[in-house]
There are 2 protein chains.
Amino acid sequence: MAIELYWGSGSPFAWRVMLTLEVKGLAYESKLLEFSKQQHKSPAYLALNPRGKVPTLKDGDFVVYESLAIMAYLDRKYPESTIFGRTAEETGLIWRTICEGESYFQPAGDKIVRPLFFGKDLDQVDQIQQAAETLRGELKTVDERLARSRWLVGEQISAADISLFPLVQLLLRAASKDAARSFNFGFVPLAQSFPNIARWVERIEALPNYQGTYPPHWR
Amino acid sequence: MAIELYWGSGSPFAWRVMLTLEVKGLAYESKLLEFSKQQHKSPAYLALNPRGKVPTLKDGDFVVYESLAIMAYLDRKYPESTIFGRTAEETGLIWRTICEGESYFQPAGDKIVRPLFFGKDLDQVDQIQQAAETLRGELKTVDERLARSRWLVGEQISAADISLFPLVQLLLRAASKDAARSFNFGFVPLAQSFPNIARWVERIEALPNYQGTYPPHWR
């Protein structure tokens, strides 16, 4: 039975899984849910994922949700082109990088992305600037790591790159909105602020089938 | 060379790693840092972990931080008594449960634990009650899962149990503070509110060497 992926356009978490499937060369059936039609809250979908969030993966009879869990499942089920490391040390560093993204980058990113995308709480300037400061620090750390190696951990693309990339893309998109100008975040142009991250983004954009993973409504 | 664990009393993240080491039967050298003396911000420690947080694990020359990353490293390096599943499906469900804890339980828990432990923002009643509502929902889900099996995923203790347990203990400790009474959280007594979680807590407390992992300053 085919792998089925339930996803929504613009979800960085769904994007992670699409990139994982492409990097591992796994065919899958795309099940695009329309957030605007509340398809992620339909009874049929809630039976698969009671949280009503994307992504959810169905592989035969097995259902799993939460993006990192799907990635860990896929890598164990289909170990070719592993994304969680070839040694225990790589595994540790990959998960360390993922956890740093989840604990520091993602919550701070959320405090900027939500106001800029939905126009809500844009007047909470102090909170937004504080989040931006955190993000500049995190981006600097990532940029320094990418000065030393092509990928965040090891000699090939891993779950560390795949999990962070959509969060970076989401932040860049938010930072390019008109409403972002007055904040002077200093994220863009990326090639100027964080040149190693800019080259890493280009490397990921050059992956086979990358275009097929790009959020359709962002075009 | 011995495994060295840098930890601090009361850190749920450090507690996870101590439980992991005990469950896997791995000997280690305990390096207890005193938060009150800022030992986690000393130059020597920052050289190991630039974030100045606990835990950090050193295994020979290899250093890794972020609790879940340490757990993933240890399980791959020392695969006996695996805590990340015997099949791809178990791996997926274990990481799903961990991610749910990180994404929903932990941030909500933080909004209750911090005010009650440090007396700050205790007047943000709406925010605290909203977090409590989220936590009651998460605890209910966990309780229902534990009605069906002894452990959160599969037939033996896994990283899903180990990662959640210290967060639950921290919450219960906060909920037992005098200042918590007026909130009527409904978390304790646990045996009444969430009986299956209460039995699961007892099961973990009965693990060999559990007492050695218990935060010393909580006694």
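These numbers come from a predicted model, not from an experiment.

**Section: the sheet that holds strand 2 (residues 28-32) of chain B**
All names here are of chain B.
Stage number 1. In spatial order, the strands read 2-1-3-4; together these four strands make up an open sheet with mixed pairing. Single-partner strands in this sheet number two, and they are strand 2 and strand 4 (62-65). Strand-to-strand twist across the sheet, computed as the mean angle between neighbouring axes with direction ignored, equals 20°.
Stage number 2. In this sheet, strand 2 lies alongside strand 1 (residues 3-7) in parallel orientation, the contact comprising five bridges. Bridging from a neighbouring strand, tryptophan 7 pairs with leucine 32 of strand 2.
Stage number 3. The strands touched by helix 3 (residues 67-77) are strand 1, strand 3 (56-59) and strand 4; relative to strand 4, the strand with the most contacts, the crossing angle is about 135°.

**Let's talk about the nonpolar core**
Stage number 1. Judged by nonpolar contacts, the single largest core of 148 residues is most densely connected at Trp200 of chain A together with Trp200 of chain B.
Stage number 2. Leave out the neighbours within four places in its chain, and tryptophan 200 of chain A touches Leu146, Arg150, Trp151, Leu152, Asp161, Leu164, Phe165 and Val168 of chain A.

**What about the relation of the copies chain A and chain B?**
Stage number 1. By a simple turn and slide, chain A fits onto chain B: the slide is 0.0 Å along the axis, the RMSD is 0.0 Å, and the turn is 180°. The superposition operator between the copies reduces to a two-fold rotation axis. By C-alpha distance to the rotation axis, the residue of chain A lying nearest is glutamate 102 of chain A, at 4.4 Å.

**Some remarks on the layout of surface pockets**
Stage number 1. Its boundaries defined by the atoms lining it, the second largest pocket holds a volume of some 480 Å³.
Stage number 2. Of all the secondary-structure elements, those providing two or more residues to the lining of the second largest pocket are helix 3 (67-77) and helix 4 (88-118) of chain A together with helix 3 and helix 4 (88-118) of chain B.
Stage number 3. Here the residues of the lining of the second largest pocket are counted per class, giving eight nonpolar, six polar and four charged.

**Observations concerning the interface of chain A and chain B**
Stage number 1. The interface is formed by 30 residues belonging to chain A together with 30 residues belonging to chain B.
Stage number 2. Summed over both partners, the interface of chain A with chain B buries about 2,600 Å², with 59% contributed by carbon and sulfur atoms.
Stage number 3. Across the chain A-chain B interface, the total number found is six salt bridges.
Stage number 4. Between the two partners, chain A and chain B, sit 14 residue pairs in polar contact (both at pLDDT 80 or more).

**A few points about the packing of helix 5 (residues 125-148) of chain A against helix 8 (residues 195-205) of chain A**
All names here are of chain A.
Stage number 1. One can describe the packing of helix 5 onto helix 8 by two numbers: an axis separation of 7 Å at closest approach and a directional angle of 70°. One element, helix 5, and the other, helix 8, form an angle in the roughly perpendicular class. Residues Leu139, Val142, Asp143, Leu146 and Ala147 of helix 5 touch helix 8, and the partners they reach there are Pro195, Asn196, Ile197 and Trp200.
Stage number 2. Partitioned by chemical class, the residues of the contact of helix 5 with helix 8 number seven nonpolar, one polar and one charged.

**Observations concerning the confidence of the model for chain A**
Stage number 1. Model confidence for chain A is summarised by a mean pLDDT of 96, while 100% of its residues fall at 70 or above.
Stage number 2. With a pTM of 0.98, the predicted complex shows an ipTM of 0.97.

**Description of the domain arrangement of chain A**
All names here are of chain A.
Stage number 1. Looking at chain A, the domain boundaries give domain 1 (3-77) and domain 2 (88-214).
Stage number 2. Each of domain 1 and domain 2 was reduced to a C-alpha centroid, and the two centroids are 22 Å apart.
Stage number 3. In this complex, domain 1 contributes 13 residues to the contact, which on the side of domain 2 involves 20 residues.
Stage number 4. For the pair domain 1 and domain 2, the summed buried surface comes to about 1,400 Å²; carbon and sulfur atoms form 78% of the total.
Stage number 5. If you sort the residues of domain 1 by the area they bury against domain 2, Trp15, Arg16 and Leu19 come out on top, with a joint share of 41%.

**As for the packing of aromatic side chains**
Residues and elements named next belong to chain A.
Stage number 1. Tallying each qualifying case throughout the model produces 29 aromatic pairs over all chains.
Stage number 2. Here the aromatic rings of phenylalanine 183 and phenylalanine 185 are separated by 5.2 Å at their centres, their planes lie at 5°, and the arrangement is stacked. The same class applies to phenylalanine 183 as to phenylalanine 185, namely buried.
Stage number 3. An aromatic cluster is built from Trp15, Phe165, Trp200, Tyr210, Tyr214 and Trp218, whose rings are joined through pairwise contacts.

**Here's the deal with the environment of tyrosine 28 of chain A**
All names here are of chain A.
Stage number 1. Along the chain, tyrosine 28 falls in strand 2 (residues 28-32).
Stage number 2. Distance from tyrosine 28 to arginine 173, taken between C-alpha atoms, is 27 Å for residues 145 residues apart in sequence.
Stage number 3. In this structure tyrosine 28 touches Ile3, Leu5, Met18, Leu21 and Glu22, once residues within four positions along its chain are discounted.

**Things to note about the pairing of strand 4 (residues 62-65) of chain A**
Stage number 1. Where strand 3 (residues 56-59) of chain A and strand 4 of chain A come together, four bridges link them in antiparallel fashion. Looking across to strand 4 of chain A, one finds that threonine 56 of chain A is bridged to tyrosine 65 of chain A.

**A few points about the pattern of salt bridges**
Stage number 1. Applying the stated criterion across every chain yields a total of 26 salt bridges over all chains.
Stage number 2. Here aspartate 121 of chain A makes a salt bridge to lysine 120 of chain A, at a shortest N to O gap of 3.9 Å.
Stage number 3. In this structure lysine 120 of chain A comes out as exposed when scored by relative accessible area, which is 59%.
Stage number 4. The salt bridge involving aspartate 110 of chain B is made with arginine 114 of chain B; its shortest N-O contact spans 3.1 Å. In this pair, aspartate 110 of chain B and arginine 114 of chain B are both assigned in helix 4, four residues apart and thus about one turn of the helix distant.
Stage number 5. Using a relative accessible area of 29% as the deciding quantity, one classes aspartate 110 of chain B as partly exposed.
Stage number 6. Looking at arginine 114 of chain B, the relative accessible area reads 48%, which means it is partly exposed.
Stage number 7. Each of the salt bridges in this network shares a partner with another, and the network as a whole consists of Arg51 of chain A together with Arg96, Glu100, Glu138 and Arg145 of chain B.

**Some thoughts on the sheet that holds strand 2 of chain A**
For sheets, the rule is that strands pair by backbone hydrogen bonds, running either parallel or antiparallel.
Residue and element names in this part refer to chain A.
Stage number 1. On the basis of which strands lie adjacent, the open sheet formed by four strands has the order 2-1-3-4 and mixed pairing. Two strands bound the open sheet, and with one partner strand each, they are strand 2 and strand 4. Neighbour to neighbour, the strand axes of the sheet diverge by 20° on average, direction disregarded.
Stage number 2. Sheet topology places strand 1 (residues 3-7) next to strand 3; four bridges connect them, and they run antiparallel. Bridge pairing in strand 3 places isoleucine 3 opposite aspartate 59.

Cut-offs and rules
- Residues numbered from 1 in each chain as written.
- Chains lettered and ligands numbered in written order.
- Predicted model: local features only at pLDDT ≥ 70, side-chain atom pairs only at ≥ 80, totals over all residues.
- Heavy atoms only, no water.
- Pairing = 2+ DSSP bridges.
- Helix = DSSP H or I, 4+ residues; strand = E, 2+ residues; numbered from the N terminus.
- Axes fitted to C-alpha atoms, helices over the stretch in contact; angles between N-to-C directions.
- Contact = heavy atoms within 4.5 Å.
- Core = buried A, V, L, I, M, F, W, Y, C linked by side-chain atoms within 4.5 Å.
- Buried < 20%, exposed > 50% of the residue type's maximum accessible area, 1.4 Å probe, protein only.
- Least-squares fit on C-alpha atoms with pLDDT ≥ 70 in both.
- 1 Å grid on protein atoms, 1.4 Å probe; cavity = no way out; pocket = protein on both sides within 12 Å on 5 of 7 lines; lining within 4 Å.
- Points joined across faces, edges and corners; volume = space filled by probe spheres on them.
- Nonpolar A, V, L, I, M, F, W, Y, C, P; charged D, E, K, R; others polar.
- Buried area = accessible area lost by both parts, 1.4 Å probe.
- Salt bridge = Lys/Arg side-chain N within 4 Å of Asp/Glu carboxyl O.
- Polar contact = N/O pair within 3.5 Å; in protein donor to acceptor, adjacent residues only side chain to side chain.
- Parallel < 35°, antiparallel > 145°, perpendicular 65-115°, else oblique.
- pLDDT = per-residue confidence, 0-100.
- Domains from an automatic or database assignment.
- Phe/Tyr/Trp six-rings, centres within 6.5 Å; stacked < 30°, edge-to-face > 60°.

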